[in-house]
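Architecture at a glance
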Amino acid sequence: MTQIAFIGGGNMASSIIGGLIKQGDVKASRIQVSDPGAEQRNKLAASFGVGTHEDNLAAISNADVVILSVKPQVMKDVLEPLAATLKARQPLLISIAAGISMESLAKWSGCKAIVRCMPNTPALLGLGATGLFASAAVDIDQRNQADSLLRAVGMTVWVKTEAEIDAVTAVSGSGPAYYFLLMEAMIDAGKKLGLSAETATKLTLQTALGAAEMALKSDVDPAELRRRVTSPGGTTERAIATFEAAHMRDIVDAALKAARDRGAELSKLLGD
Ligand SMILES: NC(=O)c1ccc[n+]([C@@H]2O[C@H](COP(=O)([O-])OP(=O)(O)OC[C@H]3O[C@@H](n4cnc5c(N)ncnc54)[C@H](OP(=O)(O)O)[C@@H]3O)[C@@H](O)[C@H]2O)c1
């Protein structure tokens with residue numbers, strides 16, 4: 001009968017709670033949420049039947065798992081007043097905050113078993129991709145607990161080193177924006193070719209969805225899927241050759257490295 005506490009009841013926490021309750025894995029009576037906003041607390045209580053608190057300490061008093069779902073900027077101020085209780089109870093601490101290192105989480109909370117997660121925005125629709133990293137003190141049951149909590153909002157992958165969380169941030173954390181950029185560019189290009197904005201948008205979005213579904217369901221990798229739809233001398237081949245001539249792969253490589261490096265920089269800044 002694991003007791004779960006969420007510190008911060010905003011978008012991400014609401015999505016995870018909604019997912020857990022929909023799946024039927026966790027009873028609402030086992031979930032406590034703290035948030036400073038009365039309106040937000042009322043919404044959570046009315047939508048999901050969870051216990052809500054203005055005071056963070058009240059939310060964690062019986063918790064076996066504490067999920068930190070506040071913005072990274074307030075994490076230190078949130079954790080330090082809870083440290084004495086957390087140190088004594090030693091719950092599993094799960095942080096979904098971007099850029100807060102294990103070292104900072106351990107220093108501010110006094111907890112030993114910590115899981116650091118990097119979800120992404122489609123988690124709000126249950127279609128997220130989350131990378132997780134566990135500290136050495138996390139046992140197999142706690143790992144499974146963390147995994148099932150984040151699976152409520154999409155798929156999960158575990159990484160072996162904390163540095164890989166910065167790579168996860170670069171690939172999937174920031175990833176939705178890359179696809180939105182490509183969609184923007186394709187819609188603009190479609191309009192220049194004479195399509196209405198509505199037609200260009202509909203075709204672009206459905207094509208993105210169809211391509212993602214095909215890649216997910218296929219037993220071959222995206223490179224092979226691309227080869228299969230690229231007939232020699234055809235239209236797709238001409239477009240792909242144009243992308244390659246403009247060094248698209250180098251651009252993607254540089255963009256992801258820049259995101260990875262910024263993630264590491266932010267961890268340092270937020271940890272100070
Ligand atoms: N949304 C995403 O797609 C996404 C993706 C990856 C990672 N994340 C991470 O998930 C975390 C939460 O993001 P979010 O989008 O859910 O943010 P959000 O909607 O702003 O939720 C944060 C909640 O925490 C509350 N809060 C502020 N100070 C607090 C305190 N001292 N104690 C308790 N609660 C407090 C906020 O209340 P007020 O609004 O009244 O301040 C707000 O309701 C962030 O760390 C973010 O980096 C989010």
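About the thresholds
- Residues take numbers from 1 onward in each chain, read along the sequence in its written order.
- In keeping with the model being predicted, local features are shown solely for residues with a pLDDT of at least 70 and side-chain atom pairs are shown and tallied solely at 80 or more, while totals for entire chains, interfaces and linings include all residues.
- Note that the side-chain values use all heavy atoms of the structure and ignore hydrogens as well as water.
- For our purposes a nonpolar core is just a set of buried Ala, Val, Leu, Ile, Met, Phe, Trp, Tyr and Cys residues, chained together by side-chain atoms within 4.5 Å.
- For the exposure calls, accessible area comes from a 1.4 Å probe over protein chains only, and a residue counts as buried if that area is under 20% of its type's maximum, exposed if over 50%, partly exposed in between.
- Starting at the N terminus, helices and strands are each numbered in turn, a helix being any DSSP run of H or I of at least four residues and a strand any DSSP run of E of at least two.
- Every residue pair with non-hydrogen atoms within 4.5 Å of one another is taken to be in contact.
- When DSSP finds at least two bridges between two strands, those strands are taken to pair.
- Lines fitted to C-alpha atoms define the axes here, with helix axes fitted over just the stretch in contact, and angles between the N-to-C directions of these axes take values from 0 to 180 degrees.
- One heavy atom within 4 Å of a molecule or strand makes the whole residue count as near it.
- Polar contact is the term for a pair of N or O atoms within 3.5 Å; when the atoms are in protein, one must be able to donate a hydrogen and the other to accept it, and sequence-neighboring residues count only if both atoms are side-chain atoms.
- For every accessible area listed, the method is Shrake-Rupley and the probe measures 1.4 Å; residues are considered covered only by the protein chains on display.
- When residues are grouped by polarity, Ala, Val, Leu, Ile, Met, Phe, Trp, Tyr, Cys and Pro land in nonpolar, Asp, Glu, Lys and Arg in charged, and all others, Gly among them, in polar.
- The salt bridge definition used is simple: a Lys or Arg side-chain nitrogen within 4 Å of an Asp or Glu carboxyl oxygen.

1. Focus: the nonpolar core
One recurring pattern in soluble globular proteins: nonpolar side chains tend to sit buried together. By size, the foremost hydrophobic cluster in this structure holds 30 residues, and its most contacted members are F6, I94, V115 and L150. Of all elements in the fold, only strand 1 (4–7), helix 1 (11–23), strand 2 (31–34), strand 4 (65–68), strand 5 (92–95), strand 6 (114–118), strand 7 (128–134) and helix 7 (140–151) reach the threshold of two or more residues within this core. Residue contributions to this core peak at five residues, all from helix 1. In this structure, V115 is in contact with L92, L93, I94, S95, M102, L132, F133, A134, V138, A146 and W158, ignoring residues within four places of it in sequence. Core analysis: the second largest hydrophobic core is formed by 25 residues, A63, V66, I114 and V168 among them.

2. Notes on the sheet that holds strand 8 (residues 154–158)
Taken together, eight strands build an open sheet; the order of strands is 3-2-1-4-5-6-7-8 and the sheet is mixed. Each edge of the sheet is formed by a strand with only one pairing partner; in this case those strands are strand 3 (51–53) and strand 8. With strand direction ignored, the average angle separating the axes of adjacent strands in the sheet is 20°. Contacts from helix 8 (residues 163–173) reach strand 6 and strand 7 within the one sheet, and its direction differs from that of strand 6 by about 30°.

3. Comments concerning the site of the ligand
Surveying the vicinity of the ligand reveals 21 residues, the closest of which are N11, M12, D35, N56 and V70. V70 places a polar main-chain atom, nitrogen or oxygen, 2.6 Å from an oxygen atom of the ligand. T121 has a polar backbone atom sitting 3.5 Å from an oxygen atom of the ligand. In the complex, the protein chains occlude 73% of the 890 Å² of accessible area that the ligand would expose alone. Its residues assigned to classes, the shell around the ligand comprises eleven nonpolar, eight polar and two charged.

4. Thoughts on the pattern of salt bridges
Applying the stated criterion to the full structure yields twelve salt bridges. Between D64 and R89 there is a salt bridge, with the nearest N and O atoms lying 4.0 Å from each other. A residue pair is termed long-range when its members are at least 10 positions apart, and D64 in the loop between helix 3 (56–60) and strand 4 and R89 in helix 5 (residues 83–89) qualify at 25 residues. The exposure class assigned to D64 is partly exposed, which follows from its relative accessible area of 34%. The salt bridge involving D188 is made with K191; its shortest N-O contact spans 3.8 Å. Residue D188 and its partner K191 are both found in helix 9 (residues 175–192); the two are separated by three residues, about one turn of the helix. For D188, a relative accessible area of 40% translates into the label partly exposed. Residue class for K191 comes out partly exposed when judged on its relative accessible area of 38%. The network of salt bridges with common partners includes E224, R227 and R228.

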